[in-house]
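# Working through the structure, step by step
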Amino acid sequence: MRIEENYSLEKHNTFHLPVKTRWFMEYTNEEELGRILRDEYFQECLSLHIGCGSNLLFINDFNGIILHSAIREISVERESDEQVWLRVGAAEKWDDVVAYAVSKGWGGIENLSHIPGEAGAAAVQNIGAYGVEIKDVIESVETYNQLTFEKRVFTNEECEYGYRSSYFKNEHNDPYIVTYIIMRLDKHPVFSINYGNLKEALAKYPEITLDAIRKAVISIRREKLPDPEELGNAGSFFMNPVILVTQFEVLKVKYPEIPSYPAGEGKIKVPAGWLIEQCGFKGKSHGPVGVYEKQALVLVNLGEARGHEIALVAESIRTAVKDRFGIEIMPEVKYVG
């Protein structure tokens, strides 16, 4: 177990904000986690469990305990002729998990290549890209209840997955910490390549394979999204709004070029990046905060930005989109502080 006081979180958030936490605690197994949760001092303090910090915006220093998992494992729990079940530690880097699965010829998560963050956070967030979400492969999620200290295994259905949402993100539910996720992957995968420009990107490959899809996705993401190591960011800052078909039809009359995707019966998903771009934010800087020139969904730290400055730019974008289109876009990034 690792415990640090007045610990810098600059390397634990992809905006690279110079914030600190009163205490930083990192555990390497479930036994250590249990000891931390039962500690009276921990129970009295404000606490937050984080992964890589790729989906967080720290508004200021954290006056409490930041908890982080160091549980790393990728193992085959069981397999059949058609499928394999992987048990993955919450602290495994998500893209390393994808690379491992693709190297073994197991399909289901190749479209989720190059998404930053750790496996546990991926299951909490229900990450998605190019027509695939992690909920499509999640068999179960192993957790610890922060209030009762009891271990609970959630089935896929019990995770209550939705668009970038899950049971674990609902603040009305007991707080749970993910320790392991179990994923069901296919030994004879059916490829999903008809979302966005993925099919077009695959045209240069002689054959459509798991490896080709992974390489194409990585190429697209690198072209559209900045490397957090070079330019601080948290990927897509906003979620794509889902609106009623009736509302979309009204907008379509005024904006014939508005893009869309099906989102279930009577609903349409509209790309938030397009809405933001139409409001003139793409490529513009607001002091130390910028809207990325290649993707309007991404807010970037141009050097010395503070969390509250990024939040102010985000709110000005939300207001502009609401005023022009009557659509409320919500942050995908979690504000802390």
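Above: the structure in question.
Thresholds, definitions, all that
Residues numbered from 1 in each chain as written. Predicted model: local features only at pLDDT ≥ 70, side-chain atom pairs only at ≥ 80, totals over all residues. Heavy atoms only, no water. Salt bridge = Lys/Arg side-chain N within 4 Å of Asp/Glu carboxyl O. Helix = DSSP H or I, 4+ residues; strand = E, 2+ residues; numbered from the N terminus. Buried < 20%, exposed > 50% of the residue type's maximum accessible area, 1.4 Å probe, protein only. Pairing = 2+ DSSP bridges. Core = buried A, V, L, I, M, F, W, Y, C linked by side-chain atoms within 4.5 Å. Contact = heavy atoms within 4.5 Å. Polar contact = N/O pair within 3.5 Å; in protein donor to acceptor, adjacent residues only side chain to side chain. Arc of directions from axis to C-beta. Axes fitted to C-alpha atoms, helices over the stretch in contact; angles between N-to-C directions.

## Observations concerning the pattern of salt bridges
- In total, this model carries 21 salt bridges according to the counting rule given.
- Between R214 and D95 there is a salt bridge, and its shortest N-O distance comes to 2.9 Å. A residue pair is termed long-range when its members are at least 10 positions apart, and R214 in helix α6 (residues 210-224) and D95 in helix α3 (residues 94-104) qualify at 119 residues. Pair check on accessibility: R214 and D95 agree, each one buried.
- Through salt bridges with shared partners, a single network forms among E30, E73, R87, E142 and K151.

## Things to note about the pairing of strand β2 (residues 20-27)
- Across the eight residues of β2, six count as buried, placing the element largely inside the fold.
- For β2 and strand β5 (residues 62-69), the ladder comprises six bridges, and the chain directions are parallel. Among the inter-strand pairings, W23 is bridged to a residue of β5, identified as I65.

## Section: the nonpolar core
- By size, the foremost hydrophobic cluster in this structure holds 45 residues, and its most contacted members are F58, F237, F238, I276, I310, I317 and I329.
- Going through the elements one at a time, β3 (47-50), β4 (56-58), β5, α7 (245-254), α8 (272-278), β18 (289-291) and α9 (307-325) are the ones with two or more residues in this core.
- No other element matches α9, which puts seven residues into this core.
- Among the nonpolar cores identified, the runner-up in size contains 43 residues, and V102, W106, I134 and A212 belong to it.

## Focus: the side chain of H68
- Positionally, H68 belongs in strand β5.
- According to the relative accessible area criterion, H68 is buried, its value standing at 4%.
- When residues no more than four places from it in sequence are discounted, the contact partners of H68 are F24, M25, E26, Y27, H49, I50, G51 and E118.

## So, helix α1 (residues 30-38)
- Within the span of α1, buried status applies to E30, E32, L33, G34, I36 and L37.
- Looking at the buried residues of α1, the elements they touch are β2, α2 (40-44), β5, β10 (138-145), β11 (151-155) and β12 (176-186).
- Looking at where α1 begins, the residue whose side-chain oxygen comes 3.1 Å from the main-chain nitrogen of E31 is N29.

## Quick look at α3
- Those residues of α3 that fall on the buried side of the exposure criterion are W94, D95, V97, V98, A101 and V102. Down the axis of α3, the smallest arc covering the buried residues is 155°, so these residues share one side.
- Close packing links the buried residues of α3 with β6 (74-79), β7 (83-89), α4 (119-125), β12 and α6.
- After α3 finishes, the residue G105 shows a positive phi value of roughly 80°.

## A look at the sheet that holds strand β14 (residues 242-244)
- Read from one edge to the other, the open sheet built from three strands follows the order β14-β16-β15, with strand pairing classed as antiparallel. Two strands bound the open sheet, and with one partner strand each, they are β14 and β15 (261-262).
- In the sheet, β14 pairs with strand β16 (residues 267-269) via three bridges, with the strands oriented antiparallel. Paired with V242 across the bridge in β16 is K269.
- Those strands touched by α7 are β14 and β16, and its axis lies near 90° from that of β14.

## With respect to the sheet that holds β5
- One open sheet holds the four strands; their spatial order is β1-β2-β5-β3, and the pairing between them is mixed. Each edge of the open sheet is held by one strand with a lone partner, namely β1 (2-8) and β3. Here the strands of the sheet are splayed against their neighbours by 25° on average, with no regard to which way each runs.
- The pairing of β3 with β5 spans four bridges and is classified as parallel. Residue pairing for β5: I50 is matched across the bridge by H68.
- The sheet contacts of α1 involve β2 and β5, and relative to β2 the element is tilted by about 140°.

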